[in-house]
Structures are given as C-alpha cells and as structure tokens.
Amino acid sequence: MSPGEFTVEAVDGAARAAVLETAHGTVRTPVFMPVGTLGSVKGVDPRELREIGTQILLGNTYHLHLRPGEELVGELGGLHRFMAWDGPILTDSGGFQVFSLADTRTVDDDGVTFRSVYDGDLVRLRPEDAMRIQATLGSDIAMCLDEVPPPDAPLPALAAAVERTTRWAERCKASPAAPGQLRFGIVQGGVDESLRQTSARELLEIGFDGYAIGGLAVGEPAADRARILRHTAPAMPADRPRYLMGMGTPEDLIGGVLAGIDMFDCVMPTRNARNGHLFTRFGDLRLRNSRNKADERPIDETCSCYTCANFSRAYLHHLDRCGEMLGPMLTTIHNLHYYLNLMQEIRDALDAGRFAAFKQQFAADRARGVDRKSTRLNSSHVALSR
C-alpha cells in the first residue's frame, strides 16, 4: 500500500469506517488526533500515547518554525525522530494563526506577516513557506495555508477569504513535498453555504490527497456550525479523507461522523484535563468540585486507562489542589484514552452496521451524568447529532 491510498471498509448512512495509508503507517478512521503543537502532547510521552491507542498526532507549522526552527529539526532527522514518534504526523499550516493572532498580523495576497508570540519579531509566511517548512519537518500530511475569516465577517470579506484560500492552495500544490507526504486542501466560507460549495469545488479542481473543513468552532452560533457541517461534508469527495479541524467535544465527534467526517483534532481533551475537566462515558466530571475530596472511586468505573485503574478521584483532586505536576499528566492520559476509545467504539459500531444504535446509547449514557444524575445535552450537541 502506498501513501494516499484511502479505502472505505464500512458505511452506515453517511458515516464510514476507512483506512488511510501514510508514509509512517496505516490510520484507521474515524480517527482523533491528539494535538502536539510544539512536537509534544503536553504531559504525555510517546510510549504512553501508543499505549492509549494513538494512531496519528498533530503538530503546528507556525510554532515549530519559531521554536526550534524547521532547519534544526530537519538536521536532526525530521520531526518523527526529533520527538521519538514513529507513527503518522499531520502538521497544520499556520492558517489558524491567521485568525487567532488577528491583532498582530497583516494579510495580503502574497501571504501573512505576524508578530512572533515569543519575541515580537516580524515573521513572514507565504504558501510556499508553509509547504517548505512542512516538507523540512517531514510530516506525513501537510495542510495548505488558508485564510480563516472571523465568524462575524461580512459576505464580501468571506468571499475574499475563499478566493485567497484557493489561490494559496494552488501555490501550495505547486510547491515541493517531502517523499510520501500527502497534502490536504482546506474548505473555507464561514457560515455561508454557497461560499462553502464554491470553496470545495475549487479545491477539488486543484486536486488534493484529502480535504478539510476549516473555519468552524471559531465563535459562530452552534446552529450555524451544525448546518455548515451537514452542508459541506457531502461536497467533499467520497474517495478522499475528510477532516474537520478543531472541533472537539465527544458530541461533536459523533455529529461529525454522522456527517461523513473521517478525521478530527482538538485541544479540548488535553487542555480541559489540565483544568480539572474530565470526560467520561456518563458525562463530564469537574474534578475541582469539593465532593471529590474524599471520593474513592476512579474518574470512570467503566474506563480501562492507567489513571482509572490505579487512582481515585480523591487523589487526583488532591494533586490538582496542590499543583503537583503528576495531576495533569494523569488526567490527560484519561481524557485522551476516553477520546481514542470512543473512536474505537465508533469504528467497531460502523463495522458491525450498528452505528445508529451506538449513537442512541452514547447519548443516553452521557445524559445520565457522571454521578448517575440526569442531565441534559447541550443544544449544540443535540443539533450536531441529528
């Protein structure tokens, strides 16, 4: 099997289970990618990542370009060797930073100029630069540089961002890639269905190994987010992987799979773990709540992760209150295990042709609440799950 081969093995409605071949191994989808922005998933080493079922990691072009620099990483054998991870890696292009660093950057047709978040120096990033950096890092999947408009941008600004994203995608496609490196285009268009359709069509005409939906979960209303997801996913080719960027609750993953999405990433499981917000089969646990101070139960009695097999809520609550570094390490292991196990359960359900039943059971379990008390799903999650 050669990099880029994508084989759909099971279908249940729009949802599907598939296999994507990369230069560093096979990825079974639907898949969640833990975020390792700086070449490290905070608090979790590569051995632990493997043990909890990680298939593919995400790194960030912008941040790795600034620290330690792609030249150094390349000289030391590439990103895989640098971070001691021998599995697949996807690198984002820096496009999200075009959005998130709006106060310190300027965008023109040739590229974007940032102020470094580390020392304030000016940094120029063009589509060719983004692809050169990712080629030097040696990631398995390189994302095109795109422009992410703010959620409240007027229609002319959204249209201009789509046009620029297409032109940049053409330049990215023409840039050299690392051996076996796949390249994904990113569909933009805000919450306008017509612009999303235009963006998808133009990217398909250029031709990429996979396609992503970008520019969601950036502050738009939840109903608009769900509507655009349902509208855009079918506009992406069925014979290529579909990637939903930066969305991330467990309910979002279910909703994305229902729409036909194959790949996901989000900082939510790791960032929330560091802040005492833990995901379980039966809803979310707020570790810092005083009722956990003397609770001898694990985070989730149905969970098989290392943390739940060995440590009580009381101990984790204690570590959090004391600021002990072991605390966020253990909670991160749990949250990532929960996400990766959820994706495995989704794949199993798709293989068995019972995803609809699985979705119903998932919603019922999450609604029970972590302490077996009835709760209600957030309305945005309900919308995404329909």
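The structure this text deals with has already been given above.
In every chain, residue numbers begin from 1 and rise along the written sequence. Side-chain atom pairs in this predicted model are given and counted only at pLDDT of 80 or more, local residue features only at pLDDT of at least 70, and totals for whole chains, interfaces and linings cover all residues. The side-chain numbers reported here are obtained from all heavy atoms of the structure, hydrogens and water having been left aside.

Chemist: What am I meant to see in the packing of helix α14 (residues 326-351) against helix α15 (residues 355-368) here?
Modeler: Packed helix pairs are specified by the crossing angle of their axes together with the interaxial distance, meaning the distance between the axes. Inter-axis angles, ranging from 0 to 180 degrees, are taken between N-to-C directions of lines fitted to C-alpha atoms, where helices are fitted over the stretch in contact. Starting at the N terminus, helices and strands are each numbered in turn, a helix being any DSSP run of H or I of at least four residues and a strand any DSSP run of E of at least two. In the contact formed by α14 and α15, the axes pass within 8 Å of each other and the chain directions differ by 145°. Where α14 abuts α15, its residues Tyr338, Leu342, Glu345, Ile346, Ala349 and Leu350 lie against Phe355, Phe358, Phe362 and Arg366. Any residue outside Ala, Val, Leu, Ile, Met, Phe, Trp, Tyr, Cys, Pro, Asp, Glu, Lys and Arg is labelled polar, Gly included; the first ten of those are nonpolar and the last four are charged. Looking at side-chain class alone, the contact of α14 with α15 contains 8 nonpolar, no polar and 2 charged residues. Whether two residues are in contact is decided by their heavy atoms, any of which lying within 4.5 Å being enough.

Chemist: Would you mind going over the packing of aromatic side chains with me for this structure?
Modeler: Here the distance between the centres and the angle between the planes together describe a pair of aromatic rings. For Phe, Tyr and Trp, where Trp contributes only its six-membered ring, two rings pair if their centres lie within 6.5 Å, and the inter-plane angle classes them as stacked under 30 degrees, edge-to-face over 60, or tilted in between. Counted according to the given criterion, the structure contains 9 aromatic pairs. Residues tyrosine 62 and phenylalanine 114 carry aromatic rings whose centres are separated by 5.0 Å and whose planes lie at 55° to one another, so their mutual orientation is tilted. Placement of tyrosine 62 in helix α2 (residues 61-66) and of phenylalanine 114 in strand β8 (residues 111-115) is noted, with a sequence separation of 52 residues between them. Centroid distance phenylalanine 311 to tyrosine 315: 5.5 Å. Interplanar angle 20°. Geometry classified as stacked. Of the aromatic side chains, those joined through ring pairs into one cluster are Phe32, Phe279, Tyr338 and Tyr339. In our convention, an over-ring charge means Lys NZ or Arg CZ found within 6 Å of a ring centre and within 35 degrees of that ring's normal. Across the ring face of tryptophan 85, the terminal group of arginine 50 is positioned such that the distance to the ring centre comes to 4.3 Å. Sitting over the face of the ring of phenylalanine 208, lysine 173 holds its NZ or CZ atom 5.8 Å from the ring centroid.

Chemist: What exactly am I supposed to notice about α14 here?
Modeler: The periodicity of an α-helix, 3.6 residues per turn, causes residues three or four places apart in sequence to face the same way. When the terminal C-alpha atoms of α14 are compared, their 37 Å separation across 26 residues agrees well with the 38 Å that a helix rising 1.5 Å per residue should span. One or two steps after α14, the chain reaches glycine 353, where phi turns positive at roughly 70°. In this scheme, a helix's expected span is set at 1.5 Å multiplied by one less than its residue total.

Chemist: Would you take a moment to explain the sheet that holds strand β6 (residues 89-92) for this structure?
Modeler: Note on sheets: strands pair through backbone hydrogen bonds, and any given pair is parallel or antiparallel. When DSSP finds two or more bridges between two strands, those strands count as paired. The strand order across the open sheet built from 8 strands is β4-β14-β13-β12-β11-β10-β6-β5, with neighbouring strands paired in parallel fashion. Edge strands, defined here as strands with exactly one partner in the open sheet, are β4 (31-33) and β5 (57-60). Recorded for the sheet is a direction-independent mean angle of 25° between the axes of neighbouring strands. The sheet contact formed by strand β12 (residues 210-213) and strand β13 (residues 242-244) spans 3 bridges and is parallel. Looking across to β13, one finds that tyrosine 211 is bridged to arginine 242. Of the strands in this sheet, β11 (182-187) and β12 touch helix α8 (residues 193-206), which is tilted by about 155° from β11.

Chemist: Is there a simple way to think about unusual backbone geometry in this case?
Modeler: Excluding glycine, most residues fall at negative phi; most peptide bonds, likewise, are trans. Between threonine 29 and the following residue, proline 30, the backbone shows a cis peptide bond with an omega angle of 0°. Relative to the helices and strands, proline 30 is located in the loop between β3 (25-29) and β4. Across the junction of arginine 67 and proline 68, the peptide omega takes the value 0°, indicating a cis bond. Summarising the element assignment, proline 68 is placed in the loop between α2 and α3 (70-75). A positive phi angle, near 60°, is found at alanine 84, a position not held by glycine. Within the secondary structure, alanine 84 sits in the loop between α4 (79-82) and β6. A positive phi is found at alanine 217, a non-glycine position, where the angle reads about 60°. Inspection of the secondary structure assignment puts alanine 217 in the loop between β12 and α9 (222-232). A 1.4 Å probe rolled over the protein chains alone gives each residue an accessible area, and that area as a share of the maximum for its type sets the label: buried under 20%, exposed over 50%, partly exposed in between. On the accessibility criterion, alanine 217 (36% relative accessible area) is partly exposed.

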